[in-house]
Amino acid sequence: MTSPASPDAASPEPSSLPSGRLPRGPARALIRLGGRRPGLVLLAGLALFIVAVVLTLRLRVDADMLALMPVDHPAVNDFRTTVERFGATDLLLIAVELRQPGEILDDDATAQRVDAAIAYAERLVPAMRAAPAIDWVEYRLQDVLDSALDLVDRAPLLMTPAELDDALTAVASPDGLERRAAELAQALRSPLGGARKRFAVHDPFGLALPLFERLQGDALGGSQFDPSTGYLIDSGQRFLLMLLKPELPAADLDFSRRLLADLAERQAAVDAAWNDDMADEFGPPPPLRFAGGYAIALGDSDLIVRDMLIGAVVALVGVVVLFTVAFGRPVAALIAFVPLFAGLVYAAGFASGVFGRLNSATSAFAALLVGLGIDFVIVLYARYAETRAAGETHSEALDRLSRFTAPSVLLGAVTTAATFFAFLISDFRGLSDLGLLTGAGILLLVVTVFTLLPALLTWLGGAAAGDQFRLRAFGIDGLIGLSLRRPRAVLIALAVATVVFGVGLPRVHYDDRITTMRSQDNAGARDQSAIMEAFGLRFTPMLIRIDGRNEAEVLARAQELVPDVASMVDGDRLARVDGIARLVPDPADQRVILDRLAAAALDRADLRARAEAALTSAGLAPGPFAKGLDAFADALTLDGPLGLRDIVDGPLGRVAGRYVAFVPDDEVADDGVALSLLVYAYPPAATWQRGPPADLMNRIAEDDWATVTGAAVISRVLKAQVWKDAAVAGVLGLVLVFLLMFWDLGTMRDAIVALLPLLLGLVWMLGLMGWLGVSLNFLNLFVFTMIIGIGVDYGLHLLHRLHEAGDVLEDARVRGTGRAVVIAALTTMVGFGSLVLSHIPALRTMGAAAILGAASTAVLSLTLLPALAALALRRSSID
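Residues numbered from 1 in each chain as written. Predicted model: local features only at pLDDT ≥ 70, side-chain atom pairs only at ≥ 80, totals over all residues. Heavy atoms only, no water.

Caption draft 1: Spotlight on the sheet that holds strand S3 (residues 134–138). The four strands lie next to each other as S3-S4-S2-S5, forming an open sheet whose pairing is antiparallel. The open sheet has two edge strands with one neighbour each: S3 and strand S5 (288–292). Adjacent strand axes in the sheet meet at a mean angle of 25 degrees, parallel and antiparallel pairs treated alike. Bridge count for strand S2 (residues 92–97) against S5 is five bridges, and the pairing is antiparallel. If you follow Val96 over to S5, its bridge partner there is Leu288. Against the sheet, helix H12 (residues 293–327) makes contact with S2, strand S4 (239–246) and S5, and its axis sits at roughly 85 degrees relative to S5, the strand it touches most. (Pairing = 2+ DSSP bridges. Helix = DSSP H or I, 4+ residues; strand = E, 2+ residues; numbered from the N terminus. Axes fitted to C-alpha atoms, helices over the stretch in contact; angles between N-to-C directions. Contact = heavy atoms within 4.5 Å.)

Caption draft 2: Main features of the pattern of salt bridges. Following the criterion strictly, the structure yields 33 salt bridges and no others. Between Arg32 and Asp399 there is a salt bridge whose closest N-O contact spans 3.2 Å. Linking Arg32 in helix H1 (residues 25–36) with Asp399 in helix H15 (residues 394–421), this pair joins segments that are 367 residues apart in sequence. Under the relative-accessibility criterion, Arg32 is labelled partly exposed at 29%. Bridged by salt links that share partners, the residues Arg604, Arg608, Glu612, Asp630 and Asp634 form one connected network. (Salt bridge = Lys/Arg side-chain N within 4 Å of Asp/Glu carboxyl O. Buried < 20%, exposed > 50% of the residue type's maximum accessible area, 1.4 Å probe, protein only.)

Caption draft 3: The layout of surface pockets, seen in detail. Here the second largest pocket is characterised by a volume of approximately 650 Å³. Around the second largest pocket, the lining comprises 28 residues; the ones closest to its centre are Thr56, Leu59, Val305, Met308 and Leu309. Elements with a minimum of two residues in the lining of the second largest pocket: helix H2 (38–56), strand S1 (60–61), helix H10 (253–277), H12, helix H13 (331–354), strand S6 (357–358) and helix H14 (365–389). When residues in the lining of the second largest pocket are grouped by element, the largest group, eight residues, is from H12. Across the lining of the second largest pocket, the residue classes break down as 19 nonpolar, two polar and seven charged. (1 Å grid on protein atoms, 1.4 Å probe; cavity = no way out; pocket = protein on both sides within 12 Å on 5 of 7 lines; lining within 4 Å. Points joined across faces, edges and corners; volume = space filled by probe spheres on them. Nonpolar A, V, L, I, M, F, W, Y, C, P; charged D, E, K, R; others polar.)

Caption draft 4: View of the packing of helix H4 (residues 107–129) against H10. Between H4 and H10, whose axes approach to 10 Å, the crossing angle comes to 135 degrees. Taken together, the axis directions place H4 and H10 in an arrangement best described as oblique. As for the relative orientation of H4 and H10, their crossing is right-handed in sense. Along the contact surface, H4 presents Ala116, Ala119, Tyr120, Arg123, Leu124, Ala127 and Met128, while H10 presents Leu263, Arg266, Gln267, Val270, Asp271, Ala273, Trp274 and Asp277. (Parallel < 35°, antiparallel > 145°, perpendicular 65-115°, else oblique. Left-handed = near helix turned anticlockwise from the far one by under 90°.)

Purely spatial values, then, with no claim about function.
Here it is in structure tokens:
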């Protein structure tokens, strides 16, 4: 880009074209089209604008974190496969809030809140279960009890050998059954909860008690039912929790939106009924919190849209206001707004046509385009206004604009777009999509500005130029003057500043958490954290998937691997390991149980008769216990094992689904994997961010049928990939920019000099990030490539003008270019700076890094290049 000449004393353009090898035909053709056919261009622009708006309205938001990840990376594919099979995040959590954080209640008030929550849940759950999109709801001990009771007839297979020995001893001893029957009678006369009494009727001799005790801790990966009420209430009595399993995954945002809207209507109906007949006793309906994958996905989607719209509006308004202030004319607002806004909508229409969806990374494109596109308007309009102020006509000004300025602007657009296109080498879909969208958007914007700006100027009749050209200096004239007068002092000061900023380089921290791409202000995520905290679920587990071709193979593999993993539970590497063994013993262990039952040689009819007699002797009528007595007799005369399929297809399917997944027959691949087991490995809370233990990763690597995945694993595995992609994109962008500079400037020396402010600016940016505590992450790591495309333009502007000034470095045109560079840098900082308003941490730091990078490269361009030029001129005069 070639910037405008002097704002103070304009001089005629040279008769020959400026140095450089840029093709001028395309740029001249676009400028002339806009100037000569303004009505046609404006009407065509309006028609395209309407089409783009229609396309933009079809844009959807993808809040799935997997949408950002590499498509074919093994670590991501492992995680994707695990989530698809087990549906790890597809639960909806609804919590009835019993008390606010920090709220202190006495025992009576707490009991009142608990009673109200239970009464409310008993009204709400039937309404939720009636929702067509809900598969099941679990919220009380009786839900788990129902599952356990249906397995009484196979309960011994779920016992340990010691537990079975106790049961057989009770049966074999002369008074064993009588003693248990007497305990049962006493228990039934005590004030037990209904769930316990029901358990006693269906399992009178307690064969399923061991299973029942284990199941109580499986509702939410370790949460416990409240022993006094039988509901999922945490020990601190903050929440009563309900677990809902919808029929479709949370990634289906349309489904999630319909689901939550339907549940909200059902909640409103329950609340209305509650206010009619329960409010006098318990007060208003207790507050609810919605959490889990569905609430989080919708929250992320809404925040992404909000951030994109607010960022675009703030950026657009900010740069237009700054542009207007800089040029001092109200009409400048129209000159800046129309092409920028139109180009932005065109880019959004392009995004809709190519991608159809935006994600948390590509949602930044609007702010980026505003910050970049305003530069085109600044340079073109400034040169036009300057030429008009020199006394030339509108047509002459547009002609000079097309011949002298537009080609350089086009080069700046191409170099900036090229650095974004360099993102395409990345396997990370979020980054490659951002690179394609922003790079293409830059080209759309420059074409839009090249056509609409001259059309607007023609339509306005040249009135936008005014009688006197003015561009605010913002204090830059003095800085450039100092660099020209005292070049050595300025270079020393720049060297000292570079050293100071360089000291901050080791302080830069890399944050490798994938969660930086997810908003921390998502109400669903906050509520989930509060719920998990209340129930003691403080850790994000690593997921160990064990694949097999059949049940025997996968269970044998689990028996081989799980003990080794469990041995790492030492409080440092792992805190807890949870697997299917809690529900289904290994086939070999089941064979031990079956052998012991066979050795006992119990007779079914005799067992049932003795059990009836025991109940009668305890004063209990056998009739109500008939089903339980049959199950008792069947259980102690079993002759076959219990398989995984029996568990998954049976009443324990809801619990077993956390551990077992059968691959549908039509999806079994060439490797023959037909089912998978999942083992949950929980790291200690204070160490999970360090990544998975090396011992665990090494052990899993020994077996090709085992895979470890999860957020911590992906972060560690992809960290190297991110750095590689960022380095390649940065080097590629730098090479492309250098080649374009060399092509335009014609000499290796000038190309290197043009890059100096950029290279030192990157050092300054990193050092400032270190001193200010701005972390690097998976997204803002690529800001370096962006700054290459942005910052090199500043040096190019100054170098072109310094060449034009020749031996007269005090020529006011150099100061005019400096002013244009300052405005360009400020508007870029405003545009990119709008990202700091984002709810997504990675985008906030991306905006902060871009501000530091743009400021650093602009300051260096405005000081380093004039100082070097002044020194070179002094040496040549001495020689």
